[in-house]
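# Structural description and commentary
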Amino acid sequence: MSRRLIFRRMERGPFSGFYLVSQLPSEQAGSEHWATRHPDGRTGEVILGDKTLIDTAQSLPQGGPWGRAIWGEDTEGCWVVQPGEMACSLMQLRGKLDAPAAFTVGLLLLEALAPIHESGGFHGRIQPSNIGFDDQGILRVRARLSNTVQEDPSTDAPGAATDCWCVGGVIGWLLGADFPTSEASVHSFSYPNLDESRASLTLAGLLRTRHRLRLAPANHARQVVMALLHSSELGEDHLKNLLTEEGLPATLRDSDPISIGAQLSEGPTPATGEPGTTAPETALAATPEAEEEAPEITAEEPGEHPVAAEPEKEEPSYNGPAPIRVQLDPTGRPIARVLSPEEAAAWPLEEEAPEEAEAPEEAEAPEEAEAPEAEEPEAEEPEEEEPEAEEPEEEEPEAEEPEAEEPEAE
C-alpha cells in the first residue's frame, strides 16, 4: 500500500473511539489489520473488511480470554475492533515453558471452551499465533476472523472435537512440535516434572485422528488435564513465575463471563464523544427513534389517565359517616332514614340536580333541626294505636248492666 493511500486510510474512523496508528500484516486477502489507540491511552486492533467480517465476529465467543469485540459499519465498509493488546505472545514464551506450564496453557483454553461447548457452540479458529497474555497477565485469544476454520484430520468431526484437537496442538507446539501436531509425535516429547505415561496419554487423547476417540468436549478434557497437573507439585507455579520474569502480573484468568452469539454492537463501549460512524454510535443513533416512540406512548398514557373513568369510580366510594336522607311519608310528615352504603354511594349522584335547583335549604334544615322531630312521630304512632286497643275495655261495663237488673227482679 502506498504512503498516500496509508495516510488516506488513517483518516478513516474513529472506530468506537479508537484511531488507526499503524498497519499490521493481514492474514486474509481483502481485509486490513491495523493497530489502534484510544485518546484515553488504551490500545487495540481493528480489522477492516466486508460484511462477512461482521458475520464471523458475531459467531465467535465473547468474554473471558476471548475478549469483547466491537463491530460496526461505515460508508467505506465494515470493521471489528478488539480492545487491548498482547503484552507477551506465546511465540515469545515458546522454548521457555516446561511441560507443566504448557499443559497449564491448555487447561486455561479448555476452561474457556467448556461453557461454549455446553451451549452447543465452538470456536474453530484456535492457533498459537493468536494466543498470548495482556498487560495484566491474563490469557487472551485474538480472533483473526478468517473465512475458514481450522482443518481437522477427521473431516466429519464436530466443532467441539476440533477445538480440543487444536488445544492439543497448542500444547505440542509449546513443547517443540509443529502446529498442528500429529498424534504420533507425542511419544517423542519429554515431560519433566510430570508423570510421563499420564502426560503422554493425555496429549495423545487430545490429538486423536479419529474424533470419536478424542478427549472431547472441553469439559471432559479439562478434567483429565487438571488431574494430570494435580500430580505435579509445580502446577501453575512455573507459568506464573515465567510471567513475573517478563514483568507481568500472574492473573492468568479473566472473571468476565463467557457467552456466544453476543450482539457486539451492544457490548460495553466507553463513551468518547468523538464524531464518526461507529457500531456503538449507530446503535445509539437508533435509540433516539425508540426515544421518539416512547414519548408517543407516554403521551397517550397521560391522555388516558385524565379521563373521568377512574376518578368517577373513586367518587362513589364513601368512607365518612352514614348520611341521613329525609323523605315524606304518605301523610306528609318528614321521616329521617339512614342510607345504606350502596344508597350513600348513589345518592349524591341522584340528588345533584334537586340540590342545585329546588331544595338547598331542605338538605340543611332537615339534617340539623327536623331530623330529631322526625323520630318523635315514629314513637307517637304506637301511642295512638293504644286507645284503639282500649275500646274493647269500654264495652265490658255494657255487658255488666244485666247483672244489675237481677235485684229488681227479686
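Since the model is a prediction, treat every value here as computed from it, not as a measurement.

So, about the overall build of the chain. Per the secondary structure count, the chain includes 13 helices and twelve strands. Per-residue burial for the chain yields a buried fraction of 39% across its 410 residues. Restricting to contacts in the chain with at least 6 residues of sequence separation, those with at least 24 account for 66%. Counting only carbon and sulfur atoms, one obtains 50% of the accessible surface of the chain, whose full area is about 23600 Å².

Right, let's talk about the sheet that holds strand S1 (residues 19–24) for a bit. If you walk across this open sheet you meet the five strands as S1-S2-S3-S6-S5, and the pairing is antiparallel. Either end of the sheet is taken by a strand with one partner, and the two such strands are S1 and strand S5 (70–74). Across this sheet, the average inter-strand angle for adjacent strands is 30°, counted without regard to direction. Relative to strand S6 (residues 77–83), S5 is paired through five bridges, and the arrangement is antiparallel. Residue pairing in the sheet places Asp74 in a bridge with Gly77 of S6. Of the strands in this sheet, strand S3 (43–49), S5 and S6 touch helix H2 (residues 51–59), which is tilted by about 35° from S6.

Attention now moves to the confidence of the model for the chain. Summarising the model, the chain shows a mean pLDDT of 74, and 61% of its residues fall at 70 or more. Predicted confidence in the chain is weakest over helix H9 (residues 279–304), with a mean pLDDT of 41, and strongest over helix H5 (residues 159–174), with 95. The model gives residues 262–309 a pLDDT under 50, and that stretch makes 44 contacts with residues more than four places away or in other chains.

Here we come to the sheet that holds strand S7 (residues 88–89). Read across the open sheet, the three strands follow the order S7-S8-S9; overall the sheet is antiparallel. A strand with exactly one partner marks an edge of an open sheet, and here the two such strands are S7 and strand S9 (139–141). The sheet contact formed by strand S8 (residues 131–133) and S9 spans three bridges and is antiparallel. Bridge pairing links Ile131 to Val141 in S9.

Moving on, we come to the packing of aromatic side chains. Counting across every chain of the model gives three aromatic pairs. Relative to Tyr191, the ring of Phe103 lies with its centre 6.4 Å away and its plane at 50°, an arrangement referred to as tilted. On the criterion of sequence distance, the pair formed by Phe103 in helix H4 (residues 99–118) and Tyr191 in the loop between H5 and helix H6 (196–206) is long-range, its members being 88 residues apart. Judged by its relative accessible area of 0%, Phe103 is buried.

Each pocket or cavity is described by its volume, and for the largest pocket that value is around 670 Å³. Gly67, Arg68, Pro83, Gly84 and Arg140 are the residues nearest the centre of the largest pocket, which is lined by 34 residues in total. For the lining of the largest pocket, the elements supplying multiple residues, two or more each, are strand S4 (61–62), S6 and S9. Looking at which element gives the most residues to the lining of the largest pocket, the answer is S6, with three residues. Among the residues forming the lining of the largest pocket, the class breakdown is 16 nonpolar, nine polar and nine charged.

All told, the structure shown has twelve salt bridges when counted by the stated rule. Note that Arg68 and Asp256 form a salt bridge whose closest N and O atoms lie 3.0 Å from each other. Taken together, the residues span a long stretch of sequence, with Arg68 in the loop between S4 and S5 and Asp256 in the loop between helix H8 (237–245) and strand S10 (259–260) at a distance of 188 residues. Arg68 sits in the partly exposed class, given a relative accessible area of 30%. Judged by its relative accessible area of 26%, Asp256 falls in the partly exposed class. Connected through shared salt-bridge partners, Glu111, Glu236, Lys240 and Arg253 make up one network.

Looking at the secondary structure, you find Ala250 in the loop between H8 and S10. Under the relative-accessibility criterion, Ala250 is labelled partly exposed at 30%. In the structure, Ala250 is positioned eleven residues away from Leu239 in sequence and 8.1 Å away in space, judged by C-alpha atoms. Filtering out sequence-adjacent residues up to four positions away, Ala250 remains in contact with Gly137, Lys240, Leu243 and Thr244.

Turn by turn, an α-helix covers 3.6 residues, leaving residues three or four places apart pointing in a common direction. Helix length check: H4, at 20 residues, gives a terminal C-alpha distance of 28 Å against a target of 28 Å (1.5 Å per residue), a fit within 8%. Taking the largest bend as the criterion, H4 deviates by roughly 30°, centred on Ala112, and proline Pro115 comes between one and four positions later. Most of H4 is tucked away, with 17 of its 20 residues classed as buried. Between the side-chain oxygen of the N-cap and the backbone nitrogen of Ala101 there are 3.1 Å, and the N-cap of H4 in question is Asp98. Gly120 sits one or two positions beyond H4 and adopts a positive phi of about 90°.

Calculation notes
Residues numbered from 1 in each chain as written. Predicted model: local features only at pLDDT ≥ 70, side-chain atom pairs only at ≥ 80, totals over all residues. Heavy atoms only, no water. Helix = DSSP H or I, 4+ residues; strand = E, 2+ residues; numbered from the N terminus. Buried < 20%, exposed > 50% of the residue type's maximum accessible area, 1.4 Å probe, protein only. Contact = heavy atoms within 4.5 Å. Areas by Shrake-Rupley, 256 points an atom, 1.4 Å probe, with all protein chains shown as cover. Pairing = 2+ DSSP bridges. Axes fitted to C-alpha atoms, helices over the stretch in contact; angles between N-to-C directions. pLDDT = per-residue confidence, 0-100. Phe/Tyr/Trp six-rings, centres within 6.5 Å; stacked < 30°, edge-to-face > 60°. 1 Å grid on protein atoms, 1.4 Å probe; cavity = no way out; pocket = protein on both sides within 12 Å on 5 of 7 lines; lining within 4 Å. Points joined across faces, edges and corners; volume = space filled by probe spheres on them. Nonpolar A, V, L, I, M, F, W, Y, C, P; charged D, E, K, R; others polar. Salt bridge = Lys/Arg side-chain N within 4 Å of Asp/Glu carboxyl O. Expected span 1.5 Å × (residues − 1). Bend = angle between axes of the 7 residues up to and from the residue. Polar contact = N/O pair within 3.5 Å; in protein donor to acceptor, adjacent residues only side chain to side chain.

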